Structure formats: structure tokens, C-alpha cells
Amino acid sequence: MNKWLRYSLVAILIMILVLIRLNQESLFYDPLLHYFKSNYDKTNFLEIDVAKHLFSVSIRYWINTFLSVGIIYLLFEKKKYIKISGIVFLVGWLIFLPLYYLFIDTQFEYSLMIGFYVRRFLIQPIIGIILILALFYLEKIRK
């Protein structure tokens, strides 16, 4: 595949990630979007359908994962990077989702900010960005 086409596809995948972010309220069940935008430290914790929320967060995580892995493939065209990225994303989900559940279950009693950032790792493509930067660095030091 030529570079022009690869980079065009990368741009399209990034635009899809942006569109997901811009339309997150209509696409996903996430009552905490408004909670964290409000004066949350002075309000009572919300009633949340936890199963529905964790399912929605998981769907969003995996959509971001597939788009991020697509970007990684288009940028590097190395199957081993796809395999490693898939493992990193799976381990991230297996760690962050139960941790996030713990924060929701305790109404962020342990730490509101840590819970907020665990949620960020699940709903934003942060792991993908970190992987892309790490792989660029790896490619640079190999040359």
C-alpha cells in the first residue's frame, strides 16, 4: 500500500475517533459525563445502572482499541506490533475495568481523581496514543 493511501486512512481513523468523542453523549450510556462536568465534590453520587454503564464503557474501549490498532497497522505495517498492541489493550481492559467498577461501587470513596483517570483510560484512546509514541520511539532507536 502506498504512503499516501496509508496516511489518508490513518487520518480517516483519527477523524472517526474525534467523531466518537464529539458524539459520546448520544452514542454511549455515561451518566458520569455530566457528573464530572458539574460541581461533583459538592453533590451526591448518581444512581447508575452499573451493568449498562460498564457494558457501554467496554464497547467504547473496544471501538477505540480497534481504531487504534488499525492506525498502528497503517503506520508501521508490522504484524508483531499488532499482536503486542492487542495484548496491551486486553491487559489494560482486564486491569482498568474491574478497578473502575471498584471506584463506582464505592462511589469514588477511595479517590475521586484516580477513579476519574481510570475512567479516562477506558473511554479515551490514551493507550493507543502511548503505544503509537512508544512504537515510533522503538523504530527510531532501531535505525
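Coordinates for the structure precede this section.
Residues numbered from 1 in each chain as written. Predicted model: local features only at pLDDT ≥ 70, side-chain atom pairs only at ≥ 80, totals over all residues. Heavy atoms only, no water.

Student: Help me understand the environment of F96 in this model?
Tutor: Within the fold, F96 resides in helix α5 (residues 79–105). Overall, F96 belongs to the buried group, its relative accessible area being 18%. With 23 residues separating them along the chain, F96 and R119 place their C-alpha atoms 7.9 Å apart. The residues touching F96, leaving out its near neighbours within four places in the chain, are V118, F121, L122 and I127. (Helix = DSSP H or I, 4+ residues; strand = E, 2+ residues; numbered from the N terminus. Buried < 20%, exposed > 50% of the residue type's maximum accessible area, 1.4 Å probe, protein only. Contact = heavy atoms within 4.5 Å.)

Student: I would appreciate a short explanation of unusual backbone geometry in the present structure.
Tutor: Negative phi is the rule for most residues except glycine; trans is the rule for most peptide bonds. A positive phi is found at Q107, a non-glycine position, where the angle reads about 55°. Secondary-structure assignment places Q107 in the loop between α5 and α6 (112–123).

Student: Whenever I open this one, the packing of aromatic side chains confuses me. Can you help?
Tutor: Each aromatic ring pair is described using two quantities: the centre-to-centre distance and the angle formed by the ring planes. Following the criterion strictly, the structure yields 9 aromatic pairs and no others. Seen in terms of ring centroids, W62 and F66 are 6.4 Å apart; in terms of plane orientation they differ by 45°. Their pairing is tilted. On the criterion of helical spacing, the pair formed by W62 and F66 is a turn pair, its members being 4 residues apart in helix α4 (residues 50–76). Here the aromatic rings of F103 and F108 are separated by 6.1 Å at their centres, their planes lie at 20°, and the arrangement is stacked. With respect to class, F103 is no different from F108; both count as buried. (Phe/Tyr/Trp six-rings, centres within 6.5 Å; stacked < 30°, edge-to-face > 60°.)

In short, shape yes, function no, at least from these values alone.
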